[in-house]
Every structure is written in C-alpha cells, then in structure tokens.
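Coordinate inspection notes
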Amino acid sequence: IPFLFWFAGRHGRLARRHLRVATTLRALAIACMALALMRPQWTGSSSDVSVVYALDVSRSVSPAFVESAIEWIGRADREGEPGRSRYVAFADHAVTFDDAQAIRSLAVSDGRPRRSDGQDAVDRSATNIERALDAALLQLDASRAKRIVLLTDGNQTNGDLWRALPRLLDAGIRVFPVEAKVNGENDAWVAGVDVPPGLHAGEPVEIVVRVIAVAGAAAQVSLKHGRSVLGTRKVALQPGVNRIAFDARLPAGGAVSLTAEVLADGDAFAENNRMHRTVWVEPRPRVLYVEGGSEGTPRYLAAALAEQDFDVHLLAPADIPASAAGFAAIDAIVLSDVPAKAMSAESMRAIESYVRDQGGGLLFAAGENVHGEQGYSDTAVERVLPVEFKAQEKHKDLTMVVVLDRSYSMKGRKMEMAKEATRAALDLLEEQHRFAVVAFDSQTYIAVPMQFVRSRRKAEDQISRIQASGQTNIYPALGIVYRMMQKVESKAKHVILLSDGDTQPADFETLVKRMAAEKMVVSTVAVGADADRDLMRNIAKWGKGRTYYAENADSIPQIFIQETERAVGANLLEESFHPEMKQRSAAFRGLDARNLPDLKGVVSSKARTHAEVLLATPSNAPLLVRWQYGLGTAVAFTSDVKNRWSPDWIKWPGYGKFWAQQVSDLMRRDSGESLDFEVARDGEEAVIQLSALAADGSFRGDLAPRVKITRPDGGATTVALRQVGPGRYEARLPLDRRVQPARFELAESPGMPLREALRAGTRELHEDFADEYRALPVNTEMLEALAAATGGKTNPSVAEIFARQADESRVTRALWAGFAAAGLLFYLLDIAVRRSPWAWRLLGSRP
C-alpha cells in the first residue's frame, strides 16, 4: 500500500485530489482482500441450549409414566425454547426420534416392541443406560450448551452407565435425571437360591430361597431336586426380601439341580416365578470316631451319625494316627470321653496340626474319664479346645461347717436326708481338712465339734443323733459359727446353711457380710416349696456363696455333694440340670434349643477368651463351646454323649439331628489343595472364576487353567482363563440366552492334572428370566451420583434444565466473506472513480 501511493505520486496522470481518492479506494480494496485471506473469526457467547430427552421404556417402568413423560417433554420444549431438541427411547438399546410424539410408535408385539413401520425397536426385557447416554451424546449440537434429560428408574441390567461418564465429562454435558415410576403391578419372584459351599451328600443343610415381593401376599414356596420335592411352605410374603429356609439333605454327590418356585396370590407375572440352580455336592462326609470306653461300650453318637448319612470310621484311642497326614481323607474327628493317657503325645500333636493347619474339625465330648489326673491339662489337644480343663487345686487347708435346721418343719424324711447329705459331704473331705456340724432350732448346739477329719465314724455317729424339735432361729447359729471359725487358722473357710428360712427377724446382712469380709463363704440350701427363698438367696449373696433350692428331700444329698466338691476343688459334677442356650447358632436350626433334655453331669471348665459359649449350665458354666483354631474349628461338649449323663438325650428324637448339625457346622470343607470354581452371570456375560491355594495356604500362580463348556446339543468349546490376581483366574464370555443351560468343567491343563480338575466338579448356568422382571425400587442413589458428577440435578424443573450456567456455549463466526465483499466493493468504486466522467467533473480533472 505505501508502494501504491508512492507510484501514484510519481506516475499518476490525474489531478491531485482525483488521484488521492482513487488510490485510497484501491488501497482499501487491497487491505480488505488481505484481511479476507487471513480468514479472521469473531467469537461470542450464546444462551442457546441443545437438549436430548432419553426416555426409559423398559418393562420395569410404568406405562402410565411413559405416557405422562411424553406430555411433559412437549411442555418442557415449549417453556424452555431450546435451540435444538432430540428424543431417545431406550431399553436394551436406544432409538432416536425427531419428535417426542413419535415415541408412541413403539408397540408391543409378541413380547418384543416394534415400531409402527414394523421394524424392531427395543427389547423391553433389559435396560442399558450406557447405550442411551451414548446415543444422546451423538445428537447434541456442539455449538450450544448441552443437556441430557434422563427419564428412568436407574435399574440397569445391561451395560454400565459409569463407562459413559468420562465421555459425558469430556463433552461438557450436564445430565438431569428424572425418576421414573416403577411398574406398580403386584409381583413376586424368586431372587436366588442360597446353598452353603462345600456341601456333602446326606449332610443336613439349610437351603434358603430368596423371594422378593412388591406387596404383601399369601404364597406357596417350593424347592425341588429334579422331580423330588425337598419342601413346600405356605408363607405370608412381606414387601421386600423374604428368606424362606428349607431343611434338606441331598442324597447324591455330583452336580445337583435345584428348582425354586413361588406362587403368590395376585401375582401379575409368571415369567419370574421359577429359578434353577445347579450345585456341586461332595461325597458323604467322613468322620473319624474315637470312643474312650472298652470294646463293648455302646457308641450311641457313632450310630446316630451313621443314621444321618455320615461315613463313620470307628477307631480305638491307641490307633489314632501319629501324624496329620493320617487324617487327609477325614472331614471331622469326634473324641468321646477319651482319657488323655489313652493317646500318645504324637497323636495329640497330629490332631492339633489337622485342625490348625489343614482346616479340620474336632468335636470333643467329655465324660467321667476327662477329669482329675486323667484330664487334658497342658496337652496339645487342650490347646485346640475352646475350653480349659484345668481342675482347681484341691484345698489342702479347708474348714467346713454344716449348719442344719432341726426344727419341727424338718421332721421326718427331710431330717434324714439332711443328715445323709452331711455324711456325704464328710466323705468328700480329706484328713487334713477341718469339719464341724452346728444344729439349731430355737436354741443352738454343736453336734460335731470342730476337728480334723480323721475319725469319720465318730463324726457320723454324732450326726446320726440329731433329732428335729422346737422352732427355727437361724441368727444365733450363724453367730456361733462365725466365732467358731474365727478361732481357726485356715486358708479356705466354707459354711453350708440348710433351712426353710422361716426364722425370727434379725440383722443377717451385717453378720454375713462381716463373715464374708473375713474370707468365710456362706452357701445356702432352701428346703421345701414354702421356704423363704428371698432370705436364703440374700444370705448366700451377702456371704459370696451359692444358693440352692431343694423342692424335695431327695435332692438334698446331691446338692451337698456338689457344693462340697466346689469347696474342695474337684471338677467332676454329677447332678441333673437343664442346659441353657446362651447364643444362637446355625447348628441349632430346626431344633428348640431352649427346651433341650436334661443332663446328669458335667466336667467343670473355663471358656477361653474368644470362644463362643452356645450352651451353659444353670450356674453359667460352659457346656457347648466353639471357636476357630487356625484354619479349622473345634467344639467342646463338657457333658458326655453316652447313657451315664445323657440318657434323656439318647432317647430324645432330636439327638441325631442335633449332633449331625454340630459336626456338619465344624467339619472341613476341602481337603488338600483348595480349588474354588464358580460360574455366575453378570449382565450379558458369563463370568468364570477360579481361586487356587496350595496345601500350605499359599497362592498358586503356576496354572494355565482351561474350562470346557458343553451346550445342551452336545457341542463343546474350551476357553482359557487368564490370571487376574494372586491365585485367581477369570474369563468373561458373551451369554447366549437361547443356549442354556451350559455345563462348565475344568479341563486338564498345565499345572492341573485331570484328577484334580475332576475334583472341582461341574457347574451349570441357567438364565431363568430377564432381570427386567424384577420390580426393584428406583435407584435414587445412582441417579443422584450421576447428576452430581455432571453438574446436573435430580428431578429438576424446566427452568433449572434451561437455566444459563457456566457451560454457556461460545459462538464463532467467520469474517472473511465480509472482508472479501468489502474489497470487491472498493475495487469497483476505484474503477468507477477512475473511468466515470461524473467523477472527473466532480473531482476537478480533465478527461
């Protein structure tokens, strides 16, 4: 342009003013063309919104909601006035429409929706929100603010909407979920069949059928194995999840097919009423049973377990293997009243290793042989058990005084049984112990003076001379006993008071608490149904002793024996008592654990800190205790399982079931190397998983496992599993709903011989009904999370959807055409100024 002006000044033939105008016009033309070639742009903001409405038309969404949603979309378009609108209807996949009203063209035919033109549209038996979001993303205008209004219940059955989230964020799209109303028709369906892992043939097992109901209804739930009915129950379904338990036994090993079915009143859909599941059942459980009696001793528990389909192997204590390898084929060990001296130390250590290192199960039942010098204190077996059998050290320095009520109310058999009980207590004491008897009515006298237990015959004669007479006055008798025991130097002082408690009022609390403060233990025995139990109980409480109730005279001797044994320190207690349930357990299923038969004896013990006390005696001593020891489980029963202490249990109809469930609960579920082989459905895929552990518990990473898949038509394929973690292998395959059930089994492969692969068993995968036939509530949590992640809002108003936000679009306009047009205009004006006669006259030039 400077050159243009210089050249015009040197060579121009026009008048100066004329030349200046023409050159300026030509310069402007050149400048505009130069600017046009630079392709300049102008950028500015725009409030226009591009919106896509994605409407869920799957079976789980109410048809009424779909209709109202179409009307709402039309109203939102009118009020929001978006720059661009598109419409997506989706179920298993998405279909795009230019008009919201066109969504009504979807019509159900033979269960599969079709468009009015006859073309397949969507399959309403599935919901794929990921595909809906991807389809909506493609319909948005990149030059405008982008919004997706997602109308759905959020229950996706295929795909994963979170995979679409990064794409939404990269495109700057805000998602506004609107919660759809779920299909409110009355429905109940089978949601699952839960079977414990490692199930054995014939083992008592609880199989749980999970049924979900939209509304409460009466229903019949059945469980079948092939054509055999395992159980049928009539239940009242509650809204939500219902768990119906069936006690069952699966008689055969191998792949067992189970079918659960629910028939509910008013059920709107029959398609989801039945579910199939195939489980792998191991052979009958193998139990090693060791009895401590002689060769001819009846083995009641062994016979009961055999009747419950356990494979019971009888063994003498001396024949117990001396190494853990000897238990390789055993699922559980039962020791019944086996004396510790009958087993070698090597066998005890082998049992410990079996439970701790191999995950084995041990049931230890006590008896008369499991106490005292024959006990298990400080042995390997005791380390396994959840209780300690350490008997209390017998008191070598003990003073015992028996205080007997000899009033008229004790006349007759009560008095005779009281004297017999006193003599029985005397027999349990040793010569170094001190003993005395104080008898009382309205007066108190010392029947047996305080003395060492050496001349038992003399003391027994003095006890026999006690006769009933007079009224009852306990307080003076306790005062005499207190002063008597104060004069004796003894580490343990014990008082047993026997009376009906019908005495004159006195300050018993002060006296007895003073005795307790000086280490004198006072226990009481209340005799008779009309005894003052409150007073006798309080005396025992103040004296830090125990209280007993003797409804009849016959029970008095046994009470004295028990209390004397406690005082002396013996741990074998033979008396009738009723077991008390302390903690519920799956091993009690189908049994009334609160009303078990009485037992007649127990070995006193102490439960370990982390053990579970399932049953206890009335005095809160542990009776049935379990705990985890290493990889295995041990259970201790401190009574016996024979006819000495358990005659009522043996006659009880639930005896076999009770012990079968205890053994089943503790036994080992896998022997040797562990292979956890599972096949499950995940959306549109079949997921095959294998976990492998070596015998020492380490992960196996040396495998290249393969799985053989056999179709119903006999065709088979083999797929390889890839390692996804330590000892974990997996494969995912597309699931063909038309070909089922498919059978899956491990095949011989590097690191896995055929024998090991066969031991893992076979699995079958059934596709009973589509997930869409499950009337689940709206997945509000997921929809709110999606809205928060993209900057949207759940259940928004129309104004909130179209409000101007930080995502305003930036509009860019190209300016080159304008500059090119201006350049052309200036060029034409330049020619006109140079050539037109009027320009010459106007600018004062001559042609």
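Look up: the structure comes first, before these words.
Rules and cut-offs
- Residues numbered from 1 in each chain as written.
- Predicted model: local features only at pLDDT ≥ 70, side-chain atom pairs only at ≥ 80, totals over all residues.
- Heavy atoms only, no water.
- Helix = DSSP H or I, 4+ residues; strand = E, 2+ residues; numbered from the N terminus.
- Buried < 20%, exposed > 50% of the residue type's maximum accessible area, 1.4 Å probe, protein only.
- Contact = heavy atoms within 4.5 Å.
- Areas by Shrake-Rupley, 256 points an atom, 1.4 Å probe, with all protein chains shown as cover.
- Pairing = 2+ DSSP bridges.
- Axes fitted to C-alpha atoms, helices over the stretch in contact; angles between N-to-C directions.
- Parallel < 35°, antiparallel > 145°, perpendicular 65-115°, else oblique.
- Left-handed = near helix turned anticlockwise from the far one by under 90°.
- Nonpolar A, V, L, I, M, F, W, Y, C, P; charged D, E, K, R; others polar.
- Salt bridge = Lys/Arg side-chain N within 4 Å of Asp/Glu carboxyl O.
- Polar contact = N/O pair within 3.5 Å; in protein donor to acceptor, adjacent residues only side chain to side chain.
- Core = buried A, V, L, I, M, F, W, Y, C linked by side-chain atoms within 4.5 Å.
- Arc of directions from axis to C-beta.

Across its full length, the protein chain carries 21 helices and 42 strands. Sorting the 847 residues of the protein chain into buried and exposed places 50% on the buried side. Here the analysis covers contacts within the protein chain between residues at least 6 apart in sequence; of these, 73% occur between residues at least 24 apart. A total of about 39,300 Å² of accessible surface is found on the protein chain, and carbon and sulfur atoms cover 50% of it.

The sheet built from 4 strands is open, its strands ordered β12-β11-β14-β15 with antiparallel pairing. Both outer strands of the open sheet, β12 (228-237) and β15 (274-281), are each paired with one neighbouring strand and no more. Taking the axes of each pair of neighbouring strands and ignoring which way they run, one obtains an average angle of 20° across the sheet. As paired elements, strand β11 (residues 217-225) and strand β14 (residues 254-264) share 7 bridges and run antiparallel to each other. Residue pairing across strands places Ala219 opposite Ala264, the latter belonging to β14.

Attention now moves to the packing of helix α5 (residues 161-170) against helix α18 (residues 780-790). The N-to-C vectors of α5 and α18 enclose an angle of 20°; their axes lie 10 Å apart at closest approach. One way to sum up the angle between α5 and α18 is to call them roughly parallel. Pair α5 / α18 crosses with right-handed handedness. Judged by residue contacts, Leu161, Trp162, Leu165 and Leu169 of α5 engage Met782, Ala785, Leu786, Ala789 and Thr790 from α18. The residue makeup of the contact of α5 with α18, split by class, is 8 nonpolar, 1 polar and no charged.

A few words on the pattern of salt bridges. A full pass over the atoms with the stated rule returns 28 salt bridges. In this structure, Asp48 engages Arg144 in a salt bridge whose closest nitrogen and oxygen atoms are separated by 3.7 Å. Of the two residues, Asp48 is situated in the loop between β1 (41-46) and β2 (49-56) and Arg144 in the loop between α4 (129-138) and β7 (145-152); the sequence distance between them amounts to 96 residues. In this structure Asp48 comes out as partly exposed when scored by relative accessible area, which is 34%. One connected set of salt bridges, linked through shared partners, spans Glu130, Asp134, Arg163 and Arg167.

We now examine the pairing of strand β10 (residues 205-213). The buried fraction of β10 amounts to 7 of the 9 residues, a majority that puts the element mostly inside the structure. By the bridge criterion, 6 bridges tie strand β9 (residues 188-194) to β10 in an arrangement that is antiparallel. Bridging from a neighbouring strand, Val193 pairs with Val209 of β10. By the bridge criterion, 9 bridges tie β10 to strand β13 (residues 240-248) in an arrangement that is antiparallel.

Here His200 shows up in the loop between β9 and β10. On the basis of relative accessibility, which here comes to 4%, the residue His200 falls in the buried class. Of note is the side chain of His200, whose polar atom sits 2.8 Å from the backbone oxygen of Pro283. Leaving out residues up to four positions away in the same chain, His200 has contacts with Leu250, Val281, Glu282, Pro283, Arg284, Pro285, Asp331, Met667, Arg668 and Arg669.

With 35 residues, the main nonpolar core has Leu301, Trp649, Phe658 and Trp659 as its most contacted residues. Residue assignment for this core shows that the elements contributing at least two residues are β16 (286-291), α6 (300-307), β18 (332-336), β19 (361-365), β31 (612-616), β32 (622-629), β33 (632-637) and α16 (655-666). With 6 residues, the top contributor of residues to this core is α16. Sequence-distant contacts of Phe658, that is, excluding residues within four places in its chain, are made with Ala587, Phe588, Leu591, Leu615, Leu624, Trp649 and Trp652.

The 4 strands lie next to each other as β37-β36-β40-β41, forming an open sheet whose pairing is antiparallel. Where the open sheet ends on each side, the last strands, each with one partner, are β37 (716-720) and β41 (762-765). Sheet twist, expressed as the average angle between the axes of neighbouring strands with direction ignored, equals 25°. In this structure, strand β36 (residues 706-710) lies alongside β37, joined through 5 bridges in antiparallel fashion. The residue of β37 that forms the bridge with Thr710 is Ala716.

Now for helix α13 (residues 533-542). Here α13 has its buried residues at Leu535, Met536, Ile539, Ala540 and Trp542. Within α13, the buried residues cover an arc of 170° as seen down the axis, which keeps them to one side. Looking at the packing, one finds that the buried side of α13 touches β24 (492-499), α12 (508-517), β25 (520-527) and β26 (544-550). Following α13 by one or two positions, Lys544 has its phi on the positive side, about 55°.

Its location among the elements puts Thr43 in strand β1. Residues Thr43 and Arg813, 770 residues apart in the sequence, show an inter-C-alpha distance of 6.4 Å.

Running from amino to carboxyl end, α12 crosses α13 at an angle of 35°, the nearest separation of the two axes being 8 Å. Two secondary-structure elements touch here, α12 through Phe508, Glu509, Val512, Lys513 and Ala516 and α13 through Leu535, Ile539 and Trp542. Class assignment of the residues belonging to the contact of α12 with α13 gives a composition of 6 nonpolar, no polar and 2 charged.

By themselves these figures say nothing about function.
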